[in-house]
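# Examining the three-dimensional arrangement
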Amino acid sequence: MSNVIQALRIALRALRINKMRSFLTMLGIIIGIAAVIAMMAVGSGASYVISQQIASIGSNILLVLPGSMTSGGLRTGSGGVQTLKADDARAMMSECPSVDLAASVVRSSGQIVYGNQNWSTLLMGTTPELFIIREWPPAIGRSITSSDNDGAAKVCLIGRTIAQNLFGAEDPLGKMIRIKKVPFTVIGVLEGKGQSPQGTDQDDVIFVPLRTAQRKLMGSQFPDTVGSILVKAKSEEQLPKAEKEINDLLNQRHRTSNSKEPDFTVRNLSEILAVAEQSSKAMSLLLGAVASISLIVGGIGIMNIMLVSVTERTREIGIRMAIGAKKNDILLQFLTEAVLLTVMGGLIGIALGAGGATVVSRILSWPTLISPLSITVAVLFSGAVGIFFGFYPARKAAGLNPIEALRYE
């Protein structure tokens, strides 16, 4: 222990004698660590944003869409023909063991008016199950109920964006608004969801009971059809099973066989969003790997300077060996100097990296997350760089012949 303390003292004294050279030597490590910390913070922020967006969609979700239609040799995309019905969603809940909930959805867009204020937004008709599937309770007021849907009640739930633009600071509960010239009573304001993974504002939406939308807002030649069905599996493990059960059920209900093209599509939203999250994590690792290259460059600079230092201090090494210093003492001395350089550079780099991440966050309004793990890894990695690139110069110093070292000019 005393040898280590003595080596630290000698190392600090050697670094103080050549302050400018020591700083320039550390510069590569400082830049490398700062870049790694900043890039990892930005990448972690991106992963956090995507995770929040995934959480805002809900968990264990399947999306059932209408199928395509072929006419005159031309095929439309999904939704080209209305093939799904509200009864399909009810059948999924009663006949598919792996399905927990299913909610029918119809959507449109339109102008809503309150007093002298108006706003164009997304209109959605749905059943009460949707808000459980999406884990989207009202912040104030109540949600849509089964009785609202059965009676086609003219009530609505509004998103936070609509509440801000139509009502401002006024309490919207119980107020009458007009949707496509039809009066509706506001029964609740939903909690904020923020942006969707596609970048749209999820709070810019208004919900009404499904039957109300079908009968009074979105007239159709097929009044019982729905635009999509959102399904929640009982668990993440049962998602594949739920998907198969839904396919089998709808093939049976819609009388589509293997030889006939299905008139519906089942999509696993969890898989799609998981791919986006994995891509974000891969990008974070890529950014960190690119930034780590500067650490290698900095390490080579340290090796170079330490070799110069060994050459300059050859006579000093000879004197120390002559008065009893062993090879291990010389090795420890120069290795300590190298590690001290990289660790000090790493600490300064951490401070600069954290500061840079904060600046990026404020300028671009992008969340950045600096984890204690990344700081710990940065310090340990900088120390490892010092040991790796400092070992050869230290070994060279320890291997000098004392007599030749004393004669060195």
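This one's a predicted model, so the numbers in the text were calculated from it and none came from an experiment. Along each chain, the written sequence defines residue order, and numbers are assigned to residues from 1. Where local features are concerned, this predicted model is filtered to residues with pLDDT of at least 70; where side-chain atom pairs are given and counted, the filter is 80 or more; whole-chain, interface and lining totals use all residues. Heavy atoms from the whole structure form the basis of all side-chain values; hydrogens and water molecules are not counted.

### Looking at unusual backbone geometry
Of note, Lys 180 is a non-glycine position whose phi angle comes to about 50°, a positive value. Looking at where Lys 180 falls in the secondary structure, it is placed in the loop between β8 (176-179) and β9 (182-190). The helix and strand labels rest on DSSP assignments: H or I over at least four residues marks a helix, E over at least two residues marks a strand, and numbering proceeds from the N terminus.

### Considerations on the nonpolar core
In terms of nonpolar packing, the biggest core is built from 43 residues, with Met 92, Ile 158, Ile 177, Ile 179 and Ile 246 touching the most fellow members. It only takes one pair of heavy atoms within 4.5 Å for two residues to be counted as in contact. Those residues within four positions of Ile 179 in sequence are excluded, and the remaining contacts are Gln 111, Ile 112, Leu 123, Cys 156, Phe 184, Ile 206, Val 208 and Leu 217. Counting residues in hydrophobic clusters, the runner-up holds 27 residues, among them Ile 33, Ile 302, Ala 378 and Ala 394. To form a nonpolar core, buried Ala, Val, Leu, Ile, Met, Phe, Trp, Tyr and Cys residues must be joined to one another through side-chain atoms within 4.5 Å. Between buried and exposed lies partly exposed: a residue is buried under 20% and exposed over 50% of the maximum accessible area for its type, with that area taken using a 1.4 Å probe on protein chains only.

### Quick look at the UniProt feature "transmembrane region" (unreviewed entry) in the protein
With numbering matched to this structure, UniProt assigns "transmembrane region" (unreviewed entry) to residues 23-50, 285-310, 331-357 and 369-392. Taken as a whole, residues 331-357 contains 100% helix and 0% strand, while its terminal C-alpha atoms sit 38 Å from one another. Counting secondary structure, residues 369-392 comes out at 88% helix and 0% strand; the distance between its end C-alpha atoms is 37 Å. UniProt positions are given in the numbering used here, feature names are shortened, and annotations may be inferred rather than shown by experiment.

### Thoughts on the pattern of salt bridges
Whenever a carboxyl oxygen of Asp or Glu lies within 4 Å of a side-chain nitrogen of Lys or Arg, that contact is scored as a salt bridge. Taken as a whole, this structure holds seven salt bridges when the rule is applied. Where Lys 232 meets Glu 135, a salt bridge forms, and the shortest distance between an N and an O atom there is 4.0 Å. Residue Lys 232 is found in strand β11 (residues 228-233), and its partner Glu 135 is found in the loop between α4 (129-133) and β6 (138-141); the two are separated by 97 residues along the sequence.

### Observations regarding a nonpolar patch on the surface
On the surface, Met 20, Phe 23, Leu 24, Leu 27 and Ile 31 cluster together into a nonpolar patch covering about 480 Å² of accessible area. Mapping Ile 31 onto the fold places it in helix α2 (residues 19-57). Exposure above 30% relative accessible area and the absence of a salt bridge qualify a residue for a patch, where like charges join within 9 Å and nonpolar side chains (Val, Leu, Ile, Met, Phe, Trp, Tyr) within 5 Å. Only the protein chains shown count as cover for residues, with accessible areas throughout obtained via the Shrake-Rupley method and a probe of 1.4 Å.

### Quick word on the pairing of β8
The side chains of a regular strand alternate, first on one face of the sheet and then on the other. Burial along β8 is one-sided: the face carrying Ile 177 and Ile 179 is buried and the face carrying Met 176 and Arg 178 is not. Summarising the sheet, strand β4 (residues 99-114) and β8 pair through two bridges and their orientation is antiparallel. Its bridge partner being in β8, Val 113 is matched across the sheet by Arg 178. Strands are labelled as partners when DSSP assigns at least two bridges between them. For β8 and β9, the ladder comprises four bridges, and the chain directions are antiparallel. In the sheet register, Arg 178 faces β9, and the bridge partner there is Pro 183.

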